[in-house]
Amino acid sequence: MRPYNWSYTQFSQFNQDDSLLLASGVFLGPHNSSSGEIVVISLDNYALLSRVRNKPYDVFGCWLTETSLISGNLHRMGDITSCSVLWLNNAFQNVESENVNVVKRLFKIQNLNASTIRTVMVADCGRFDSPDLLLDVSVPPGRVFDLGSDGIDEDEEAVSGPAPGRTEEGFRRLLDTRAQLQLAEHMLETKAAELLAQSRTKPPERSAACAQNKLLIFTTGCLTYSPHQIGIKRILPHQMTMAGPVLGEGRGSDAFFDALDHVIDVHGHIVGMGLSPDNRYLYVNSRAWPSGSVVADPMQPPPIAEEIDLLVFDLKTMQKVKRGLRAHRAYTPNDECFFIFLDVSRDFVASGAEDRHGYIWDRHYNICLAKLRHQDVVNSVVFSPQEQELLLTASDDATIKAWRSPRTVRIHQAPRPRPFFSWFANQRR
């Protein structure tokens, strides 16, 4: 991608039928500015089909359908307040008909306290009822906030927001409070943004559980720039097409933002996420904050642990399952943290780490099976889709290593049995 001024490639994903490749990287613009970019490449003739800007670059991007992908954009609204817009893009951008959209706004979500949306991925709800492996809930549920409840009366105001008159009254009270308590600038900005969003947020669309629904999953936050929450937004079938208003013109002028359906707080810095093959379980690499820590300044998050906790969440029940897996470690501070890709197969889960090793755990028994050595940080791991006992690891030591389980090594090294007729012919001699 050097001819397109890319500094480096950071993520790639095949669509479901392996006909198209999505690649995400960092694009170098004028005056040494950088931004994210997504390209779509045809695997038939390796032609570049489309280029899509992606901001921030660690949104990565992902496929929603066979021919449409999700990208992001970030708009600053204040020093620590912004909004993230998620776009639905057509992989084929040479559309001749002006009646067919090439890009359509999917969601617009408010960000508070310097947080942003990153690391988007999509889970298919239609596969939840036939999981490859059913995990039991063996720990108390994690902190999951259901923002799409069916409550009425008092709860309805919490979902759809107060009337505009109440919002104005809220602003007046906020200014009076600031004068009395001398609120810091960032606290005032956050309170004002929350008041604005209360009357300018579109509640989640109420719909019955449907196998055609999908879940948009991403990292976010509400206290600091450090990604400490998992946001989940339901995507309904009518939202998965390119039909409809391009920029959301059909939406009421008062509904600036979209509300999330669920938020999972992990109380730590999220450094990796991956879905099980059946899309039922979400595996999360997290570096925990100290117990009882309080965020007083959004630009100074709590210190993070060197131990990485591998957490597991059931996306059907929105509960934490099993206990966190441990073995791998990371050492960078909050402001230097980077994403460590993990992967999940039918029976195993693997992750990289900053301790120069890749790790493999058994999904059934939660035990560490292997520690795979490199000479530098292991950034990414991936299982073969055809053979789960074959794993690739990529490292900052500029190597990609292939690892097989001892069982498959024995199988490949075992002498092949001689055909019966060859053995019979040798006996007659």
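Within every chain, residues take consecutive numbers counted from 1 along the sequence as written. Side-chain atom pairs in this predicted model are given and counted only at pLDDT of 80 or more, local residue features only at pLDDT of at least 70, and totals for whole chains, interfaces and linings cover all residues. Hydrogens and waters are ignored; side-chain quantities use all the structure's heavy atoms.

**Some points on the overall build of the chain**
- Along its length, the chain carries five helices and 26 strands.
- Burial classes: relative accessible area under 20% of the type maximum marks a residue as buried, over 50% as exposed, and values in between as partly exposed (1.4 Å probe, protein chains only). With 429 residues in all, the chain has 49% of them scored as buried.
- A separation of at least 24 residues holds for 58% of the contacts in the chain among residues at least 6 apart in sequence.
- Here the chain displays about 22400 Å² of accessible surface, and carbon together with sulfur accounts for 52% of that area. Strands here mean DSSP runs of E at least two residues long; helices mean DSSP runs of H or I at least four residues long; both are numbered from the N terminus. Should any heavy atoms of two residues lie within 4.5 Å, those residues are considered in contact. Residue-level accessible areas treat just the shown protein chains as cover; the underlying method is Shrake-Rupley with a 1.4 Å probe.

**Focus on the packing of aromatic side chains**
- Side-chain rings of Phe, Tyr and Trp, where Trp is taken by its six-membered ring, are said to pair if the distance between their centres is within 6.5 Å; with planes under 30 degrees apart they count as stacked, over 60 as edge-to-face, and otherwise as tilted. The tally for this structure, following the rule as stated, stands at eight aromatic pairs.
- The interplanar angle of 25 degrees and the centroid separation of 5.6 Å between the aromatic rings of Phe11 and Phe60 together place this pair among those described as stacked. Here Phe11, found in strand 1 (residues 6-14), pairs with Phe60, found in the loop between strand 4 (48-54) and strand 5 (62-63); they are 49 residues apart in sequence, far enough to count as distant.
- Taking relative accessible area as the criterion, Phe11 reaches 19% and is therefore assigned buried.
- Ring centres 6.1 Å apart and planes at 20 degrees place the aromatic pair Phe11 and Phe341 in the stacked group. Here the residue Phe11 occupies a position in strand 1, and Phe341 occupies one in the loop between strand 19 (319-325) and strand 20 (342-344), the gap between them amounting to 330 residues. Each member of the pair, Phe11 as well as Phe341, carries the same accessibility label: buried.
- Among the aromatic residues, those joined into a cluster by ring pairs are Phe11, Phe60, Phe339 and Phe341.

**Examining helix 3 (residues 185-198)**
- In a helix, the anticipated span is given by 1.5 Å times the number of residues less one. For helix 3, built from 14 residues, the straight-helix expectation of 20 Å at 1.5 Å per residue is met to within 8% by its first-to-last C-alpha distance of 20 Å.
- Turning to helix 3, its buried residues number three or more, namely Leu188, Glu189, Thr190, Ala193, Leu195 and Ala197.

**A short note on the sheet that holds strand 23 (residues 368-373)**
- We call two strands paired when DSSP finds no fewer than two bridges between them. Ordered in space as 20-21-22-23, the four strands form an open sheet in which the pairing is antiparallel. Across the chains shown, the open sheet's two edge strands, defined by having one partner strand only, are strand 20 and strand 23. Averaged over all adjacent pairs, the angle separating strand axes in this sheet is 15 degrees, with direction ignored.
- Sheet topology places strand 21 (residues 348-351) next to strand 22 (residues 357-362); four bridges connect them, and they run antiparallel. Note that in strand 22 the partner of Phe348 across the bridge is Asp362. Every axis corresponds to a line fitted to the C-alpha atoms, with the helix fit spanning only the stretch in contact, and the corresponding angles, defined between N-to-C directions, vary from 0 to 180 degrees.

**Comments concerning the sheet that holds strand 24 (residues 378-383)**
- Overall, antiparallel pairing links the three strands, which are arranged 24-25-26 in an open sheet. Of all the strands in the sheet, just strand 24 and strand 26 (400-404) have a single pairing partner and so form its edges. Ignoring strand direction, the axes of neighbouring strands in this sheet form an average angle of 20 degrees.
- Strand direction decides the pairing type here: strand 25 (residues 390-395) and strand 26, joined by five bridges, are antiparallel.

**Re the pattern of salt bridges**
- Take a side-chain nitrogen of Lys or Arg and a carboxyl oxygen of Asp or Glu: if they are within 4 Å of each other, that pair is a salt bridge. If you walk through the whole model with that rule in mind, you get 11 salt bridges.
- The salt bridge involving Asp314 is made with Arg280; its shortest N-O contact spans 2.7 Å. With Asp314 in strand 18 (residues 309-314) and Arg280 in the loop between strand 16 (268-275) and strand 17 (281-288), this pair connects stretches of sequence that are 34 residues apart. Taken individually, Asp314 and Arg280 each receive the classification buried, so the pair is uniform in this respect.

**Focus: a nonpolar patch on the surface**
- In this scheme, patches are assembled from residues that exceed 30% relative accessible area and form no salt bridge. Like charges are connected within 9 Å, while nonpolar side chains (Val, Leu, Ile, Met, Phe, Trp, Tyr) are connected within 5 Å. Taken together, the side chains of Tyr365, Ile367 and Leu369 define a hydrophobic patch exposed on the protein surface, amounting to about 340 Å² of accessible area.
- Mapped onto the elements of the fold, Ile367 is located in the loop between strand 22 and strand 23.
- Residue classification places Ile367 among the partly exposed positions, given a relative accessible area of 43%.

**Describing the side chain of Asn90**
- As for its placement among the helices and strands, Asn90 is situated in strand 7 (residues 82-90).
- Residue Asn90 is classed as buried on the basis of its relative accessible area of 12%.
- We define a polar contact as two N or O atoms separated by no more than 3.5 Å, with the added condition that, inside protein, one atom must be a possible hydrogen donor and the other a possible acceptor, whereas residues neighbouring each other in sequence contribute only through side-chain atom pairs. From its side chain, Asn90 meets the backbone nitrogen of Phe92 in a polar contact 3.0 Å long.

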